[in-house]
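Chain by chain, the residues:
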Amino acid sequence: MKILKKILASSLLLAGTFVWADPFASILSDYYSTVAGINSGMDDFANQLSIAIPQAATQQNVWADAYIGKLLPSVPPHLGGGVNVGFTHINTAGLAKAASALNISGIKDSYYYPVFTGDLRIGGLFLPFDLDVSFMKTGQINANFISDITVDFLTLGLEGRYALLEGGVIQPRVSIGFGYFYNQGSLMANADAAQAGVNYKIHTMYVSAQVSKTILFITPFAGVRALVSKCDNTWEWSINDSTAVAALTAEGKATGGSGSVVTEEFDLNAFQPQFYFGAAFRFLVLDLTASVSTDLRHISDSKLWSGNISLRVSI
């Protein structure tokens, strides 16, 4: 009877192993090289986020007017605010590589990362400058309109601009600016049996120059930025399937992995030059602004670019 029980138990264990093994065949066939591939893919993706998130953030507080005018003394005082909605094209080949090894389906080599913020800009006091603050905090968003990805983020931005030319009948408006953004969040690929993702914390500083000219109710504009950033991006992956976890644990194999991409200081040698342009359409106190920006340093390898639409009330 004891022998029969042992045979039955062994048969059930073997059957369970074969039922489990199929979804994770890539891991079992060459476990250590597969894990190394997952780790390499996640490391690459964490690096991609370190350049993509600053791109996404700085495109959120773009105003068409290179200078909005003074708050005081001015009648009316110049200020405004509204909402920004956009996306940034991100290279997710590393995440797709890791997800494929973990049998997380639907992850492609690129992803349109959604971003939205609220911002407020006020004109300066006596001197020709303006100041902007932008902010947004979300919970977890299931952004699976392209793949099974969830995101959440916190963004806080500050910008000041000084008008070199305040503009006139013929003269355009020209300003130079300085800004700072802090971004914190995550991007995760999920499935029932496994998950992989990155948690990021990124500080970005930038300088900019912009020119604009209003013609009737349309204000076309163009500008350049130079960004430097530092990041603390941590990545992790794990297998959630209980049978898989039990089998790998019994063999002394990892059921997950983690790592980080950290830059301690702002690296001036890794600055990101950007070009952006667009136009605003004004109706009474409403402004609808559409803009596009591209990272000149990473457009060829990562195809890094952003699009954004803003709706504001301004006077």
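Keep in mind that this is a model prediction, so the values were computed, not measured.

Visitor: How should helix α5 (residues 242-250) be read in this particular structure?
Guide: It helps to recall that an α-helix has 3.6 residues per turn; residues three or four apart then point in one direction. Looking only at α5, the buried set comprises Ala244, Ala247 and Leu248. All buried residues of α5 fall inside an arc of 95 degrees around its axis, so they share one side. Of the exposed residues in α5, the ones pointing more than 90 degrees away from its buried face are Ser242, Thr249 and Ala250. The opening residue of α5, the one whose side-chain oxygen lies 3.1 Å from the backbone nitrogen of Thr243, is Asp241. Gly252 lies just past α5 and shows a positive phi near 75 degrees.

Visitor: Quick question: what am I supposed to make of unusual backbone geometry here?
Guide: Comment: phi is negative for the bulk of residues other than glycine, and the bulk of peptide bonds are trans. Residues Leu72 and Pro73 are joined by a peptide bond in cis, for which omega reads -5 degrees. Mapping Pro73 onto the fold places it in the loop between α3 (31-58) and β1 (79-91). Pro76 follows Val75 through a cis peptide bond whose omega is -5 degrees. Inspection of the secondary structure assignment puts Pro76 in the loop between α3 and β1. Its identity is not glycine, yet Phe126 carries a phi of approximately 70 degrees, on the positive side.

Visitor: Would you mind going over the layout of surface pockets with me for this structure?
Guide: Where empty space is left in the structure can be found by rolling a water-sized probe over the atoms. Of the pockets and cavities examined, the largest pocket occupies roughly 350 Å³. Taken together, 16 residues make up the lining of the largest pocket; nearest its centre are Asp65, Arg173, Arg282, Asp287 and Ser314. At the level of elements, β10 (272-283), β11 (286-295) and β12 (305-314) are the ones that each hand at least two residues to the lining of the largest pocket. Grouping the amino acids of the lining of the largest pocket by side-chain chemistry returns six nonpolar, five polar and five charged. Size it by volume and the second largest pocket reaches roughly 260 Å³. The wall of the second largest pocket is formed by 14 residues, among which Ser50, Ile51, Ser229, Thr263 and Ala270 lie closest to the centre. Elements supplying a minimum of two residues to the lining of the second largest pocket: α3 and β8 (218-239).

Visitor: Please explain the pairing of β11 as it appears in this structure.
Guide: A regular strand places its side chains so that they alternate between the two faces of the sheet. In terms of strand pairing, β10 meets β11 through 10 bridges, oriented antiparallel. Directly across from Phe277, in β11, lies its bridge partner Val292. Between β10 and β11, which pair antiparallel and follow one another directly, the connecting turn spans two residues, one of which, Leu284, has a positive phi of 55 degrees. Bridge count for β11 against β12 is nine bridges, and the pairing is antiparallel. Note on β12: the bridge partner recorded for Thr294 is Trp305.

Visitor: What is the right way to read empty space enclosed by the protein from this model?
Guide: Per the stated rule, a full pass over the model turns up two cavities of 30 Å³ or more. The volume enclosed by the largest cavity comes to roughly 70 Å³. Forming the walls of the largest cavity are Thr58, Asn61, Val62, Trp63, Arg121, Glu159, Arg161, Ser208, Gln210, Arg225 and Tyr276. Counting residues per element, the ones that place at least two in the lining of the largest cavity are β5 (149-166) and β7 (194-212).

Visitor: I'm lost on the confidence of the model for the chain in this one. Help?
Guide: When pLDDT is averaged along the chain, the result is 88, and 88% of the positions lie at 70 or above. Contacts of residues 1-22 to residues separated by more than four positions or lying in other chains number eight contacts, the stretch itself having pLDDT below 50.

Visitor: Looking at this model, I keep getting lost on the environment of Trp63. Mind explaining?
Guide: Residue position: Trp63 is located in the loop between α3 and β1. Each C-alpha atom, one on Trp63 and one on Leu288, is 9.8 Å from the other, the two residues being 225 residues apart in sequence. Every residue in contact with Trp63, bar those within four places of it in the chain, is listed here: Ile68, Gly80, Gly81, Asp119, Arg121, Asp132, Arg161, Gln210, Arg312 and Ser314. In this structure the side chain of Trp63 is engaged in a polar contact, spanning 2.9 Å, whose partner is the side chain of Asp119.

About the cut-offs
- Residues numbered from 1 in each chain as written.
- Predicted model: local features only at pLDDT ≥ 70, side-chain atom pairs only at ≥ 80, totals over all residues.
- Heavy atoms only, no water.
- Buried < 20%, exposed > 50% of the residue type's maximum accessible area, 1.4 Å probe, protein only.
- Helix = DSSP H or I, 4+ residues; strand = E, 2+ residues; numbered from the N terminus.
- Arc of directions from axis to C-beta.
- Polar contact = N/O pair within 3.5 Å; in protein donor to acceptor, adjacent residues only side chain to side chain.
- 1 Å grid on protein atoms, 1.4 Å probe; cavity = no way out; pocket = protein on both sides within 12 Å on 5 of 7 lines; lining within 4 Å.
- Points joined across faces, edges and corners; volume = space filled by probe spheres on them.
- Nonpolar A, V, L, I, M, F, W, Y, C, P; charged D, E, K, R; others polar.
- Pairing = 2+ DSSP bridges.
- pLDDT = per-residue confidence, 0-100.
- Contact = heavy atoms within 4.5 Å.

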